[in-house]
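Listed here are the chains, written in short residue letters.
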Number of protein chains: 2
Amino acid sequence: MNIKKLVYLGLFCVPYFLKAQEAKLIQYVKPLIGTARMGHTFPGATVPFGAVQLSPDTDTLSYAVNGQYNGDVYKYCAGYQYDDPTIVGFSHTHFSGTGHSDLGDIQIMPTQGKVQLNPGTADRPQDGYRSPYSHANEHAEPNYYRVLLDKHQIKAELTTTTRVGIHRYTFPASDASHLIVDLTAGIYNYDGKNVWTVVKVLNDSTLVGYRQTNGWSRTRTVYFALRTSKPFKNYGARYGDGKPVYNGFWRKFDQQNNFPDLAAHNIKLHLDFDTKAQEAILMKVALSPVSMKNALSNMQEEAPDWNFDGYVKEGQVAWEKELHKIEADMLNKEDLVNFYTAMYHASLMPTVYMDVNGEYKGLDQEVHKAEGFTNYTSFSLWDTFRAFHPLMNLINPTRNADIVASMMAHYDQSVLKMLPIWSHYANDNWCMSGYHAVSVVVDAILKGTYQGNAEEALQACVQTANTRNYEGIGPYIDKGYVPDDLSGTSVSNTLEYAYDDWCIAQLAKKLGKEDIYATFSKRAEHWKSLYDPSIGFMRPKDSKGTFRAKFDVLDTHGQGFIEGNSWNYSLYVPHQPKELMELMGGAQKLESYLDSLFSMELPDKYFEHTEDITRDGIIGNYVHGNEPSHHVAYLYNITQNPWKAQQRLRQIIRNQYHNGHAGLGGNDDCGQMSAWYLFTALGFYPVAPAADAYWVGSPLVKSAKINFENGKQLSIMARNQSEKNVYVKSVRFNGKPLENWSLSYELIKNGGELVFEMTGKPDKRKH
Amino acid sequence: MNIKKLVYLGLFCVPYFLKAQEAKLIQYVKPLIGTARMGHTFPGATVPFGAVQLSPDTDTLSYAVNGQYNGDVYKYCAGYQYDDPTIVGFSHTHFSGTGHSDLGDIQIMPTQGKVQLNPGTADRPQDGYRSPYSHANEHAEPNYYRVLLDKHQIKAELTTTTRVGIHRYTFPASDASHLIVDLTAGIYNYDGKNVWTVVKVLNDSTLVGYRQTNGWSRTRTVYFALRTSKPFKNYGARYGDGKPVYNGFWRKFDQQNNFPDLAAHNIKLHLDFDTKAQEAILMKVALSPVSMKNALSNMQEEAPDWNFDGYVKEGQVAWEKELHKIEADMLNKEDLVNFYTAMYHASLMPTVYMDVNGEYKGLDQEVHKAEGFTNYTSFSLWDTFRAFHPLMNLINPTRNADIVASMMAHYDQSVLKMLPIWSHYANDNWCMSGYHAVSVVVDAILKGTYQGNAEEALQACVQTANTRNYEGIGPYIDKGYVPDDLSGTSVSNTLEYAYDDWCIAQLAKKLGKEDIYATFSKRAEHWKSLYDPSIGFMRPKDSKGTFRAKFDVLDTHGQGFIEGNSWNYSLYVPHQPKELMELMGGAQKLESYLDSLFSMELPDKYFEHTEDITRDGIIGNYVHGNEPSHHVAYLYNITQNPWKAQQRLRQIIRNQYHNGHAGLGGNDDCGQMSAWYLFTALGFYPVAPAADAYWVGSPLVKSAKINFENGKQLSIMARNQSEKNVYVKSVRFNGKPLENWSLSYELIKNGGELVFEMTGKPDKRKH
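All of these numbers come straight from a predicted model, not from anything done at the bench. (Residues numbered from 1 in each chain as written. Chains lettered and ligands numbered in written order. Predicted model: local features only at pLDDT ≥ 70, side-chain atom pairs only at ≥ 80, totals over all residues. Heavy atoms only, no water.)

Focus: the overall build of chain A
- Helix and strand counts for chain A stand at 19 helices and 35 strands.
- The C-alpha radius of gyration computed for chain A amounts to 26 Å, which stays within 12% of the reference 27 Å derived for 767 residues, consistent with globular compactness.
- For chain A, the C-alpha atoms occupy an extent of roughly 80 × 60 × 50 Å along the three principal directions.
- Within chain A, the proportion of its 767 residues that are buried is 68%.
- The contacts of chain A with a sequence gap of at least 6 include a subset with a gap of at least 24, amounting to 70%.
- In the structure as shown, chain A presents an accessible area of about 24,500 Å², 49% of it carried by carbon and sulfur atoms.
- Between the averaged position of the 75 positive side-chain charges in chain A and that of its 83 negative side-chain charges there is a distance of 2 Å. (Helix = DSSP H or I, 4+ residues; strand = E, 2+ residues; numbered from the N terminus. Rg over C-alpha atoms; globule rule 2.2 N^0.38 Å. Buried < 20%, exposed > 50% of the residue type's maximum accessible area, 1.4 Å probe, protein only. Contact = heavy atoms within 4.5 Å. Areas by Shrake-Rupley, 256 points an atom, 1.4 Å probe, with all protein chains shown as cover. Lys, Arg positive; Asp, Glu negative; His and termini not counted. Charge placed at Lys NZ, Arg CZ, Asp CG, Glu CD.)

Quick word on the relation of the copies chain A and chain B
- Each copy superposes on the other: chain A lies on chain B with an RMSD of 0.0 Å after a rotation of 180° and an axial shift of 0.0 Å. Both chain copies can therefore be described as sitting about a two-fold axis. Scanning chain A for the C-alpha nearest the rotation axis identifies A:Val195, at a separation of 3.2 Å. (Least-squares fit on C-alpha atoms with pLDDT ≥ 70 in both.)

Regarding the pattern of salt bridges
Residue and element names in this part refer to chain B.
- Evaluation of the coordinates by the stated rule reveals 62 salt bridges over all chains.
- A salt bridge links Asp 274 to Lys 233; the shortest N-O distance between them is 2.7 Å. Here Asp 274, found in strand S15 (residues 268-275), pairs with Lys 233, found in the loop between strand S12 (220-228) and strand S13 (234-238); they are 41 residues apart in sequence, far enough to count as distant.
- Given a relative accessible area of 37%, Asp 274 falls into the partly exposed group.
- A residue is classified by how much of its surface remains accessible, and Lys 233, at 48% relative accessible area, is partly exposed. (Salt bridge = Lys/Arg side-chain N within 4 Å of Asp/Glu carboxyl O.)

A look at the sheet that holds strand S35 (residues 752-759) of chain B
All names here are of chain B.
- As summarised here, the arrangement of the six strands in space is S17-S30-S31-S35-S32-S33, forming an open sheet in which the pairing is mixed. The open sheet is flanked by strand S17 (326-329) and strand S33 (736-737), the only strands paired with a single partner.
- Alignment of strand S30 (residues 703-707) against strand S31 (residues 713-719), held across five bridges, turns out to be antiparallel. When the sheet's bridge partners are listed, Asn 707 is paired in S31 with Gln 713. (Pairing = 2+ DSSP bridges.)

Examining the packing of aromatic side chains
- Under the criterion given, the structure shown has 76 aromatic pairs over all chains.
- Look at B:Phe339 and B:Tyr340: their rings are 5.2 Å apart centre to centre, the planes differ by 65°, and that puts the pair in the edge-to-face class. The two residues B:Phe339 and B:Tyr340 agree in class, both being buried.
- For the pair B:Phe339 and B:Tyr677, a centre-to-centre distance of 6.3 Å together with 65° between the ring planes defines the contact as edge-to-face. Of this pair, B:Phe339 sits in helix H4 (residues 333-345) while B:Tyr677 sits in helix H18 (residues 672-682); the two residues are 338 residues apart in sequence, bridging distant segments of the chain. Considered together, B:Phe339 and B:Tyr677 belong to a single accessibility category, that of buried residues.
- Clustering of aromatic rings is evident, with ring pairs tying together A:Tyr28, A:Phe339, A:Tyr340, A:Tyr634, A:Tyr657, A:Trp676, A:Tyr677, A:Phe679, A:Phe684, A:Tyr685 and A:Tyr694.
- A cation over an aromatic ring shows up here: A:Lys284 above the ring of A:Trp306, its NZ or CZ 4.1 Å from the ring centre.
- The ring of A:Tyr745 has A:Lys447 lying over it, and the distance from NZ or CZ to the ring centre is 5.8 Å. (Phe/Tyr/Trp six-rings, centres within 6.5 Å; stacked < 30°, edge-to-face > 60°. Lys NZ or Arg CZ within 6 Å of the ring centre and 35° of its normal.)

Regarding the sheet that holds strand S34 (residues 742-743) of chain B
All names here are of chain B.
- The three strands are arranged S28-S29-S34 in an open sheet whose pairing can be described as antiparallel. Looking at the sheet topology across the chains shown, the edges are occupied by strand S28 (684-685) and S34.
- For strand S29 (residues 694-696) and S34, the ladder comprises two bridges, and the chain directions are antiparallel. Looking across to S34, one finds that Tyr 694 is bridged to Leu 743.

Observations concerning the interface of chain A and chain B
- Every contact between the two is made by 58 residues of chain A and, on the other side, 58 residues of chain B.
- Both sides together, the interface formed by chain A and chain B hides about 5,000 Å², and carbon and sulfur atoms give 60% of it.
- At the boundary of chain A with chain B, the tally comes to four salt bridges.
- The interface formed by chain A and chain B holds 19 residue pairs in polar contact (both at pLDDT 80 or more) in total.
- At the level of elements, strand S10 (194-203), strand S11 (206-213), strand S14 (261-264) and helix H2 (292-302) of chain A are the ones that each hand at least two residues to the side of chain A that touches chain B.
- In terms of residue count, the dominant contributor to the side of chain A that touches chain B is S10(A) (six residues).
- Looking at the side of chain A that touches chain B residue by residue, the class counts come to 31 nonpolar, 18 polar and nine charged. (Buried area = accessible area lost by both parts, 1.4 Å probe. Polar contact = N/O pair within 3.5 Å; in protein donor to acceptor, adjacent residues only side chain to side chain. Nonpolar A, V, L, I, M, F, W, Y, C, P; charged D, E, K, R; others polar.)

Focus on unusual backbone geometry
- Omega for the bond connecting A:Met349 with A:Pro350 falls within 30 degrees of zero, at -5°, which places this linkage in the cis form.
- Residue position: A:Pro350 is located in the loop between helix H4 (333-345) and strand S18 (351-352).
- Despite not being glycine, B:Leu103 shows a phi value in the positive range, around 75°.
- Position of B:Leu103 relative to the elements: it lies in the loop between strand S3 (89-91) and strand S4 (107-112).
- Its identity is not glycine, yet B:Asn143 carries a phi of approximately 60°, on the positive side.
- Inspection of the secondary structure puts B:Asn143 in the loop between strand S5 (131-141) and strand S6 (144-149).

Focus: the state of the cysteines
- With the rule as written, the count across this model stands at zero disulfides over all chains.
- A:Cys77 takes part in no disulfide bond, and the closest cysteine sulfur, belonging to A:Cys670, lies 10.0 Å away.
- Of the residues examined, A:Cys77 reaches a relative accessible area of 0% and is grouped as buried.
- The thiol of B:Cys461 is unpaired, and the distance to the nearest cysteine sulfur, on B:Cys503, comes to 8.5 Å. (Disulfide = S-S within 2.5 Å.)

Concerning the packing of helix H7 (residues 397-413) of chain B against helix H8 (residues 437-446) of chain B
Residues and elements named next belong to chain B.
- Contact geometry of H7 with H8 gives a least axis separation of 10 Å together with a crossing angle of 130°. When the axes of H7 and H8 are compared, the pair comes out oblique. Considering the relative orientation of H7 and H8, their crossing is left-handed. Touching Asn 400, Val 404 and Met 407 of H7 are Ala 437, Val 440, Val 441 and Ala 444, all from H8.
- Considering only residue class, the contact of H7 with H8 consists of six nonpolar, one polar and no charged. (Axes fitted to C-alpha atoms, helices over the stretch in contact; angles between N-to-C directions. Parallel < 35°, antiparallel > 145°, perpendicular 65-115°, else oblique. Left-handed = near helix turned anticlockwise from the far one by under 90°.)

Topic: the side chain of B:Thr159
Residues and elements named next belong to chain B.
- The residue Thr 159 is located in strand S7 (residues 154-160) in this model.
- A polar atom in the side chain of Thr 159 sits 2.7 Å from the backbone oxygen of Asn 143.
- Sequence-distant contacts of Thr 159, that is, excluding residues within four places in its chain, are made with Ala 45, Leu 54, Asn 143, Val 164, Gly 165, Ile 166, Phe 308, Tyr 311 and Val 312.

A closer look at the confidence of the model for chain A
Residues and elements named next belong to chain A.
- Taken as a whole, chain A shows an average pLDDT of 93; of its residues, 93% reach a score of 70 or greater.
- Note that pLDDT drops below 50 for residues 1-21; the model gives that stretch 28 contacts with residues more than four away or on any other chain.
- Contacts for the low-pLDDT stretch residues 64-69, under 50 throughout, to residues beyond four places or in other chains number eleven contacts.
- The complex prediction reports pTM at 0.95, with the ipTM value standing at 0.93. (pLDDT = per-residue confidence, 0-100.)

With respect to H8(B)
Residues and elements named next belong to chain B.
- Counting buried residues in H8 gives nine out of ten residues, a clear majority hidden from the surface.
- Within the sequence span of H8, burial applies to Ala 437, Val 438, Ser 439, Val 440, Val 441, Val 442, Asp 443, Ala 444 and Ile 445.
- Packed against the buried residues of H8 are helix H5 (381-384), helix H6 (388-395), H7, helix H9 (454-465) and helix H11 (490-510).
- Following H8 by one or two positions, Gly 448 has its phi on the positive side, about 80°.

Focus on H4(B)
Residue and element names in this part refer to chain B.
- Along its 13 residues, H4 runs 18 Å from first to last C-alpha, staying within 8% of the 18 Å computed at 1.5 Å per residue.
- The element H4 is extensively covered by neighbouring structure, given that eleven of its 13 residues are classed as buried.
- For H4, the set of buried residues is Asp 335, Leu 336, Val 337, Asn 338, Phe 339, Tyr 340, Thr 341, Ala 342, Met 343, Tyr 344 and His 345.
- Residues of H4 that are buried sit in contact with helix H3 (308-323), S17, H6, helix H17 (643-656) and H18.
- Capping of H4 at its N-terminal end is provided by Asn 332; its side-chain oxygen lies 3.1 Å from the backbone amide nitrogen of Glu 334. (Expected span 1.5 Å × (residues − 1).)

Given below as structure tokens:
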């Protein structure tokens, strides 16, 4: 669908919501939250799920490597670190909250004076085009970012449409004002990452081109079209170190100055202007996954004029509409900021990955046309299958169905015949364990969100789960577990495959595929293979069936897990938690296990091996900053003391989410951390996403209204909500008490009233 | 147009020709002619103007460079050198007769035993996949090539359709037979030329992919689809030195063995088979300029089955049709071989550059669809404007019109707004001097061959000629010459621009554009600026108007010329030869100048600077191997002794063209040397191509029939033709004596009889 239509739809719908709420929700969104330390969010401008994320980069580290990458680069997953003193430029693509990265495409920097085409270093910004800046002169809100670049006193303002970044640079007077276009810059950069760059200067204010990289995405090309509001008086190009060997044609033209037909390994450009005092030069940069001409069409369609403020407003109208999908009343403004910033962070990815004409590049590296759906990319599924996609099923079902359709297209185009693992920009980087697209696909079909061919989807899930040569799946099928000697993450994989297999069984059951149901129901119990009753933990086992002798249940590194030690990961059986509990010795045993987890001390030497989080990201040995623990506090619900879940959940939500730039204790992980917050703040959580059961916790909202796409509303009320009243005395849906602290999608999907009675005293009766 | 239609058309037409001539002309074509030393032709299989030239490469030299390229690589412009002892593989794209190169894409080599993925060296073939071979076991004919690879006694046979290379490899028995697919191999190769490679293995006998290079064409991508007649039992890949830095995903799969989803800087593959004794495995490789899926479609459309011999025959039928455009009777079989091999070499380039569905990649790097024409690429215009395109106008007018249409598309897609200079594969390498597309375009319009919009074409010519920042055009316009201090080829450029400008004036005149006619008629005389009457030669002049003091009329190097010294180049005023003669002092002066040119001794030190030719390629100081001299012998026609033209022409044609692998004295230059031969053998030559005048020389044919596309025939008869009777006593067209040794297209285009009376005694009466 043409995003402009969506926006226009938004223009008509939003006033209704505004009237209902009489508040602008974007005021509560602080894009700078999470930009310090480990949050890895970006502060720049974007529209909901937009293809362009136009944001400042404070470093992108270009450096030589020998098969190894510099650890420092990890800081710059989103291109920006709040504590950095300089900005190198403004680029158009950013992941939000990842723990590995890519992108940072088509970096622009306004400068004055002598042309400098290298960024320089943070401690010597005078050696390059980068500039110091001050947070006092920086402002970020949804779809608008502003900063004053101190070096030349240039004001930079950014906004976007879905596929176009719009820049406004206000210069002091000079006959040497420049816009630097550095196509070699990029996030997680290194020598050789740039594969190829092309630029064609079409006229005195328009150029097109592309940047091709070999990064986390092995083979990625971003096409662009760039237009300035004022003609450049002159322009020039340099080619970095990538000298052409056949340089005969260099004699024919002066190819460094005003030469419009450029192709080389590493193109950097400068566009030169005369500027009067406080003269604003605008620039539009449209992206396309397909071609330069599609990028030009995207620009023409989405951003035909130079009304910068109009584009800001259009995007903010879209944001209001997105944020109004949940109208929350909280205890205080700080909580509103946390809540709506979480809504914001959970509405950035996946991103639209097709042109206005519906064309996109598929996983097969061919151009396709999306028929009947919007194609999305950037699926961080190991993170997002847990809470993000279940949240989408509730508040964004059409978009989630399009995401599933995009995954099915990925599968169709996959020469491996696999659903995506961690895919972005027509590539899969196969990051993390499991094959969790299965969970998203099954959940969307079972909840009725995805209306595509369910049998084909089941086939895709089965085929993916039977990719024998992928990450130990063959031996997993044969032996019931991934052997320790064949995989460094044998336990994570075994546990997660088992959950995913359970999802497949559920879909097979619904479709009456008895064989598949039987096969995958059996596989769903494979987690049992790795439970070692002698120590009461999950433990790696070798091909011969022997548990690993030397094993440290506290260590995250080299023990058969990824982003989690055995203490945390042993609880990862979301589909069969009671069976796990029985194996562990019953409710009492599970409860004391959880008590220990939250209260024990994790020695520093173990913390150092815990990835992607800050010291604040843990409570005892419970690691909230990494996703395998996200369902853990809810497990108290099946012990005799569910109140402990309520207590711990309130503790976690207070401890792990703050206003301020360091407000996230770990990577936001493409909205998963935020989606956890939103579910938990609303009082329930999808422990096993593809099961129709939300587990009730302790709401943080005073009240909330979820506006479903079907026009119905789920109203949530937390009576006697307060900072101290963290315990749930009772919970009723449409007046009827809930059983087993559980709520179903079937129950709430047509709206209704969910009422919590909050209290300061836990209900310590055994349940 | 679908080439299959052309072929089928051929099937119906050819029997008519065969009946008429009752001979197979392909028997006279020896593709091995010119493959030794400087001819730079390739011996492999192709159809007329085919997109695929499937041919053995004896070396492609991959080596490290520091901004310099190894001179040795020049030997391998066509990939093959007759005297080499080994073959490295069979690749799908080859220029014919160039003096610089590129291509050699998708190289295949059959081997047995241990998998070797490096070519090894010619003196130690056992270190790599290359194999020794013997010319005794080698055979080449149009669209069929065969060789026995000695190392493993594998017979290799090659044939093609327009867009598909078809291989047949007959193996000895082995459980380790291989087809090596080396995507890093290429002609004029060097470290870093490969920009990127991609392979997707679709099933056990099909793969698709692409190879992207930065070579003579700066930014070139060749897409391919490959299918084997027998499933491979196993396959594997290696990546050369281009290690990926983000190697996280390498843990997920074994990416070296049977991994179908490959993308890296330098992919090499081995496909493994069991073979019985004398088992033939066939392979089809289809190319596309646009996409892998188009390559698959091309294969499906053109080569749907495995009938190798059928494809050989289809192509040979097309060759018979092409060769029958001139039916010649010669003095002996050697001459027939020279004649039809010249016909063959003049029917290889330009090559079809679009898919069966009409899609091609444009100069703007976008995908276009050719509407109403076949798109061609590889225009070596500095060479081919002279005789090759005039020949096309006579015998291949539809194809020449499509070539002009392709040039106009190039112009439309050019951000520089220039017609092609030396363009190939959606790029221009701007090689050599002049803007000679102008000559081709104007000639095709004036002769009525090109029926497109003439005014647009004139505009394209004017715009190209006014590209002020290209190779001194600005100062050329302002001062009347390219200044020596601004260009290393100031004289060549000035002379050639002047001719091209004259062409533009002729078209302007025809279209009634008085202003353009006046402007360009004036520019057509700019050659006069550089004639130095004090020495009687063209001479470089600096910006201040001073002739260069230190100047050597014999040296080709650094004197303001390219591929020619002042002795040869000073005669390059093809449009105003009489004015040149007057400036030189009249007919007598010109005659003695020519006499000296042909009879003087060129010292070795000067020959060493003469590019692209062997010692045989010169007569005195006349350099036939380089194109600026191609009209020179005909200039005797305006002196008082035209018989000297006849004498020298017979000498040149006897001296410069031989049967045998070393039969060409210089680069064939994409058919220009061959087209010169054909015109001269027929008895006339287009001295100024865009003028309607063929200058009469001395025919070599006994008789010939040119079958025009309009169904008419030009019959040529050389009465009393013999080895000794090189002089023309009289020449009549339809019984009427010709005036001034000149013939016009207007006169012959509807056929007729051209009769030469040959004699052994020159007509020494002054004319």
